[in-house]
Amino acid sequence: METVIANKKANQVVFSETLEALAEHDKDILIVTSDSRGSGKLVPFAQKYPDQVVEVGIAEQNLVGVAAGLASMGKKAFAVSPSCFLTARSLEQIKNDVCYSGNPVKLVGISAGISYGALGTTHHSLHDFAVLRAINNITIVAPADNLEAEALVRKAVEMDSPIYLRFGKKNMPENLKDDVLGNANEFEIGKGRVLREGADLTFIANGETVLPCKAAAQILSETHGINCKVVSMHTIKPLDAALIFEIAEAGQPIITAEEHSIYGGLGESVASLLMQNGFSNPFRIVGLPDDHTVSGSQVEIFDHYGISAKGLTETALDLIKK
């Protein structure tokens with residue numbers, strides 16, 4: 001069953017609102033869109049700052065090329081497009097015009113993962129972590145809650161190197177951390193964020209899969225007496241090796257969860273790091289398998305593939321048993 005979150009915002013809404021606030025005092029902030037200002041929740045920004053929006057139409061390769069040119073001239077260019085198209089149609093431009101050329105474009109993949117739900121595989125973005133991880137000179141971040149999303153945008157504006165920001169459409173909590181009201185200063189690119197402490201098992205997730213991990217941790221604690229650590233590993237690249245090693249050294253079983261293919265994403269990144277450094281913790285990757293992905297709402301697809309409180313609880317119990 002879907003968790004209902006009252007009065008919360010999708011992280012891509014937080015992205016737009018934060019950028020709008022920053023643009024008031026920074027005319028170098030420019031948004032380049034591929035006919036996606038509506039889906040990117042950027043209409044208010046465009047109405048307020050029409051001279052700071054460049055519309056290229058449905059031409060994602062041009063989108064990245066134009067953004068790279070603007071960035072090369074000192075502009076803070078945000079290239080905004082659905083992540084399924086941005087990181088597939090424009091991959092060559094991302095590789096060459098942005099990363100190889102060192103242009104500090106802020107690539108923004110909206111409606112990421114399976115946000116488009118029933119539109120199906122053509123509109124699902126389950127490859128973006130994998131393809132971008134293989135390209136030199138790019139940071140990759142998928143925030144979990146509104147606090148992380150806002151802090152990410154503020155930091156991305158000032159970055160002088162390429163970055164990919166991944167946002168979904170689902171309303172997310174303002175702050176997923178258990179013991180504080182929320183402090184944006186605790187967010188640091190490249191450093192995982194511990195949202196819940198626990199000594200029996202660790203969930204490592206990012207983006208919108210962190211919420212079901214938190215729910216599973218609550219169920220495991222209340223019904224099985226299993227205390228789980230939950231980590232928002234919002235930055236895929238560079239990965240927080242120090243935190244992962246700290247978790248592994250405690251001997252805990254580890255479950256990764258991501259709204260991405262099980263190949264080439266967060267799970268394989270963590271597994272590779274652990275294996276190459278001699279760790280052998282019980283380990284499981286939860287994500288989308290090598291499958292003709294089923295169609296449906298995001299919640300229905302999550303349920304089908306076990307990326308839910310129930311599914312993650314069952315995976316944890318099975319892993320501990322083994």
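Details of the structure are given in the entry above.
What comes next concerns the included structure. In this text, all values refer to a predicted model and were calculated from it rather than measured experimentally.

Rules and cut-offs
- Residues numbered from 1 in each chain as written.
- Predicted model: local features only at pLDDT ≥ 70, side-chain atom pairs only at ≥ 80, totals over all residues.
- Heavy atoms only, no water.
- Helix = DSSP H or I, 4+ residues; strand = E, 2+ residues; numbered from the N terminus.
- Phe/Tyr/Trp six-rings, centres within 6.5 Å; stacked < 30°, edge-to-face > 60°.
- Buried < 20%, exposed > 50% of the residue type's maximum accessible area, 1.4 Å probe, protein only.
- Polar contact = N/O pair within 3.5 Å; in protein donor to acceptor, adjacent residues only side chain to side chain.
- Contact = heavy atoms within 4.5 Å.
- 1 Å grid on protein atoms, 1.4 Å probe; cavity = no way out; pocket = protein on both sides within 12 Å on 5 of 7 lines; lining within 4 Å.
- Points joined across faces, edges and corners; volume = space filled by probe spheres on them.
- Nonpolar A, V, L, I, M, F, W, Y, C, P; charged D, E, K, R; others polar.
- Salt bridge = Lys/Arg side-chain N within 4 Å of Asp/Glu carboxyl O.

Notes on unusual backbone geometry
Consideration 1: Cis geometry is found at the peptide bond from Lys 237 to Pro 238, where omega equals 0 degrees.
Consideration 2: Mapped onto the secondary structure, Pro 238 falls in the loop between strand S12 (235–237) and helix H9 (241–249).
Consideration 3: Residues other than glycine seldom take positive phi values, yet Asn 137 does so here, at roughly 75 degrees.
Consideration 4: By the element assignment, Asn 137 lies in the loop between helix H6 (128–133) and strand S6 (139–141).

Section: the packing of aromatic side chains
Consideration 1: Scanning the model with the defined rule gives four aromatic pairs in all.
Consideration 2: Aromatic side chains Phe 15 and Phe 78 sit 6.1 Å apart centroid to centroid with 45 degrees between the ring planes, which places their arrangement in the tilted category. A residue pair is termed long-range when its members are at least 10 positions apart, and Phe 15 in helix H1 (residues 11–23) and Phe 78 in strand S4 (residues 76–82) qualify at 63 residues.
Consideration 3: Its relative accessible area of 0% is what places Phe 15 among the buried residues.
Consideration 4: Between the aromatic rings of Phe 15 and Phe 167, the centroid separation amounts to 5.3 Å while the plane-to-plane angle is 25 degrees, which identifies the pairing as stacked. In this pair, Phe 15 is assigned in helix H1 and Phe 167 in the loop between strand S7 (163–166) and strand S8 (171–172), connecting sequence segments 152 residues apart. No difference in accessibility class separates Phe 15 from Phe 167, as the two residues are buried.

So, the side chain of Thr 235
Consideration 1: Its place among the elements puts Thr 235 in strand S12.
Consideration 2: Taking relative accessible area as the criterion, Thr 235 reaches 1% and is therefore assigned buried.
Consideration 3: There is a polar contact of 2.9 Å between the side chain of Thr 235 and the side chain of His 234.
Consideration 4: In contact with Thr 235, not counting residues within four places along its chain, are Thr 139, Ile 140, Val 141, Ile 189, Gly 190 and Lys 191.

Examining empty space enclosed by the protein
The rolling of a water-molecule-sized probe over the atoms marks out the regions of remaining empty space.
Consideration 1: A complete count under the given rule lists one cavity of 30 Å³ or more for this structure.
Consideration 2: Residue composition of the lining of the largest cavity, grouped by class: four nonpolar, three polar and three charged.

Digging into the pattern of salt bridges
Oppositely charged side chains are able to pair whenever their charged atoms sit close together.
Consideration 1: In total, this model carries 16 salt bridges according to the counting rule given.
Consideration 2: A salt bridge links Glu 20 to Lys 48, with the shortest nitrogen-to-oxygen separation between them at 4.0 Å. With Glu 20 in helix H1 and Lys 48 in helix H2 (residues 43–48), the pair connects residues that are 28 residues apart, well separated along the chain.
Consideration 3: Take Glu 20: its relative accessible area is 17%, and that puts it in the buried class.
Consideration 4: Residue classification places Lys 48 among the partly exposed positions, given a relative accessible area of 47%.
Consideration 5: In this structure, the salt-bridge partner of Glu 158 is Lys 76, at a minimum N-O distance of 3.5 Å. Of this pair, Glu 158 sits in the loop between helix H7 (146–157) and S7 while Lys 76 is found in strand S4, placing the two residues 82 residues apart along the sequence.
Consideration 6: Salt bridges sharing partners connect three or more residues here, namely Asp 145, Glu 148, Lys 177, Glu 186 and Arg 193.

Honestly, it's all geometry; don't read function into it.
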